[in-house]
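# Geometric and topological summary
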Amino acid sequence: MKKIIILLCFLITGINFGQVKKAITLEQAIAIAQEKSPDYKTLLNQNQASYWRYRNYKASFLPQLGLKATLPSYSNSINRLTNDNGEDIFVKTNQSRLEGVLSLDQNIAFTGGTLSFSSQLERIDRFSDNSKRFAVIPFSINYSQNSLFYNEFKWNKKIEPLIYEEAKREFIERMEQISLNTSRKYFALLKAQMQTKIAISNLSNQDTLFQIAKGRFRMGKIAENDLLQIELSVLNSKNNVTTNEISLKRSSQNLSRYLALETENILLNIPKELTIFTVTVEKALEEANSNRKAVIEFRRKRLQAEKEVAQVKGNNRLKLRLDANFGVSQQGSVFNDLFMDYNQQQIVKVSLNIPILDWGVSKSRRKLVEANKELVNTNIEQDEQEFEQEIYLHVLNWKNQRNFLETSRKAQEIAIRRYDITKKRFILGKITITDLNLALQEKDRSVLQYLNSLEKFWVDYYTLRRLTLYDFIKNKKIEVNDIIYN
């Protein structure tokens, strides 16, 4: 039995035939998780997608220079055409065509249209008579706008920056969520290590007491019932060690995989308490309203609902589209003669679409988006109340958390001291095994209760950071660069 206990002690203390345990503190575990965990890698990819979406939006308001070219296309076929007399005739074509357009496009946010500057050159080679034809548009200005009553660019300039700011704040919140996840996994392993250590210690103590009880039984100082009860405690302690070792293995794997460590032999330290600092509800709400993603999200949802209403109203009854073009052009059979004189070209086209009878389709569409806007506003008002209530309740809970932790620590000290006294009295034969087992259970329960209180203390601390995105110890806002590079 003693050999078994010694071997178990080797396993729990890390002297496992040459394998050395890796010691990690809670702060170190969080730092590793914020660089290597699967949650961080997923978050980084999402943040990069948000960044490039915003870059794409910003680039859409910069001049876009492009070249469109039709490579030499060859046609040798018979086509049906309608001549000037309105007669259909068949014409044989045997020619190649080459065309190129260089354009510079600029979206105009103020009006919602697109302004384009372009140059165009076209060449046709007719092989039937070995002739050539050229056409050139050296300069052309074109302006087009889909709707005169709805400016999508204006709404995008309001919404897209909010989406990007929302993504940046979400990145910080999710990084704080990684801290929470790491804390839970850290304490899960810490409690598993402590429970295993307690189980092995209890097994050793129970075996020692069993050896003493056997001697006292032979001397006739205790009844056989008490001896059997102690032996039963030894057997239960063995099973308890096996159960806790399995839990220890599972918790160790969970943390090591989350931190992307190469070893599962991790030795954790019990985290110390934080320095004392005061958090008021007013300060927490102020920082949350200034830093949290939800505040930006509320504003963005309202704007998106207003955008849908404006779009439907702008296109519901009357649709107007404007296309205007001004430029010069020329065509001929000699390329150099194309630039001698130009023909002006002007095009102005206004497209009008008026529904006369739509059986209430336009009205129902407008009423639908207006109802959706009211629903969005109602939901946001409820979310805002829950947002403030969550912070308020958590701050109140945080104020009492240190008192709970202090009480748990004192209870642990008392239970451990009481068990030591009870154990000595049992050895002297002054109390029964039942009293000793009760003291043992209270001692084990108080140790785990203290770890649970310590876990809740740290989890509540990182929850407070996530809810406010504010570091109350350093008295500064939590920023992306602080988390990524420090």
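The structure this text deals with has already been given above.
Everything quoted here is computed from the prediction, not taken from an experiment. (Residues numbered from 1 in each chain as written. Predicted model: local features only at pLDDT ≥ 70, side-chain atom pairs only at ≥ 80, totals over all residues. Heavy atoms only, no water.)

### Focus: the packing of helix α7 (residues 293-316) against helix α8 (residues 361-427)
Let me state the cut-off plainly: To get an axis, fit a line to the C-alpha atoms, keeping to the stretch in contact for a helix; angles then go from 0 to 180 degrees between the N-to-C directions. The numbering of helices and of strands both runs from the N terminus, where a helix is a DSSP run of H or I of at least 4 residues and a strand a run of E of at least 2. Any angle that is under 35 degrees is reported as roughly parallel, and any over 145 degrees as roughly antiparallel; angles of 65 to 115 degrees are reported as roughly perpendicular and all others as oblique. When residues are sorted by character, Ala, Val, Leu, Ile, Met, Phe, Trp, Tyr, Cys and Pro go into the nonpolar class, Asp, Glu, Lys and Arg into the charged class, and all the rest, Gly among them, into the polar class.
It is the contact of α7 with α8, at a shortest axis distance of 9 Å, that shows an interaxial angle of 170 degrees. As summarised for this structure, α7 and α8 are arranged roughly antiparallel, according to the angle between their axes. Here the contact of α7 with α8 is composed, by residue class, of ten nonpolar, four polar and twelve charged.

### A closer look at the environment of Thr278
Put simply, the test is: The buried label goes to any residue with under 20% of its type's maximum accessible area, the exposed label to any with over 50%, and the partly exposed label to all in between, with areas taken from a 1.4 Å probe on protein chains only.
Residue position: Thr278 is located in the loop between β6 (266-268) and α6 (281-291). Assessed through its relative accessible area of 69%, Thr278 is described here as exposed. For the pair Thr278 and Phe472, spaced 194 residues apart in sequence, the C-alpha separation works out to 8.0 Å.

### Remarks on the packing of helix α4 (residues 152-218) against α8
The line we're drawing: Helix crossings are classified by the rotation of the near helix relative to the far one: an anticlockwise turn of less than a right angle makes the crossing left-handed, while a clockwise turn makes it right-handed. Two residues qualify as a contact provided that any one of their heavy atoms is within 4.5 Å of a heavy atom in the partner residue.
It is the contact of α4 with α8, at a shortest axis distance of 11 Å, that shows an interaxial angle of 20 degrees. Taken together, the axis directions place α4 and α8 in an arrangement best described as roughly parallel. Two packed elements cross with a definite hand, and for α4 against α8 that hand is left-handed. In contact with Asn205, Leu209, Ile212 and Arg216 of α4, α8 contributes Tyr419, Lys423, Phe426 and Ile427. The class makeup of the residues in the contact of α4 with α8 is five nonpolar, one polar and two charged.

### Topic: α4
Rules: To estimate the expected span of a helix, count its residues, drop one, and scale the result by 1.5 Å. Bend at a given residue is defined as the angle between two axes, one fitted to the seven residues that end at that position and one fitted to the seven that begin there. For the purposes of these results, a polar contact is taken to be a pair of N or O atoms within 3.5 Å, where, inside protein, one atom must be able to donate a hydrogen and its partner to accept one; residues adjacent in sequence count only when each atom of the pair is a side-chain atom.
Across its 67 residues, α4 extends 95 Å between first and last C-alpha, which sits within 8% of the 99 Å expected from 1.5 Å per residue. Along α4, the sharpest change in direction is near 25 degrees and occurs at Lys158; proline Pro161 comes one to four residues later. Capping of α4 at its N-terminal end is provided by Asn151; its side-chain oxygen lies 3.1 Å from the backbone amide nitrogen of Phe153. Positive backbone phi, at 80 degrees, marks Gly220, one or two positions downstream of α4.

### Considering the environment of Lys456
Secondary-structure assignment places Lys456 in helix α9 (residues 433-468). By relative accessible area, which is 39% here, Lys456 ends up partly exposed. Taking C-alpha positions, Lys456 is 9.7 Å from Phe404, a pair spaced 52 residues apart along the chain. Ignoring anything within four residues of it in the chain, the contact list for Lys456 reads Asn397 and Gln401.

### Considering the side chain of Asp125
In this fold, Asp125 is placed in strand β4 (residues 113-126). A polar contact is formed between the side chain of Asp125 and the side chain of Arg123, at a distance of 3.0 Å. With sequence-adjacent residues up to four places away left out, Asp125 is seen in contact with Asn94, Gln95, Ser96, Ser131 and Lys132.

### Observations concerning the nonpolar core
Within soluble globular proteins, side chains that are nonpolar tend to cluster in buried spots. Here is the rule: By nonpolar core is meant a set of buried Ala, Val, Leu, Ile, Met, Phe, Trp, Tyr and Cys residues that side-chain atoms within 4.5 Å join together.
Judged by nonpolar contacts, the single largest core of 53 residues is most densely connected at Leu259, Leu268, Phe277, Val279, Ile391, Trp398 and Trp458. In terms of residue count, α9 provides more of this core than any other element does, ten residues in total. Apart from the residues within four sequence positions on either side, Trp458 is in contact with Leu26, Glu27, Phe187, Pro271, Lys272 and Leu274. Core analysis: the next-biggest nonpolar cluster, separate from the first, contains 18 residues, Ala199, Leu209, Ile230 and Ile433 among them.

Functional significance is not addressed by these values, which are geometric in nature.
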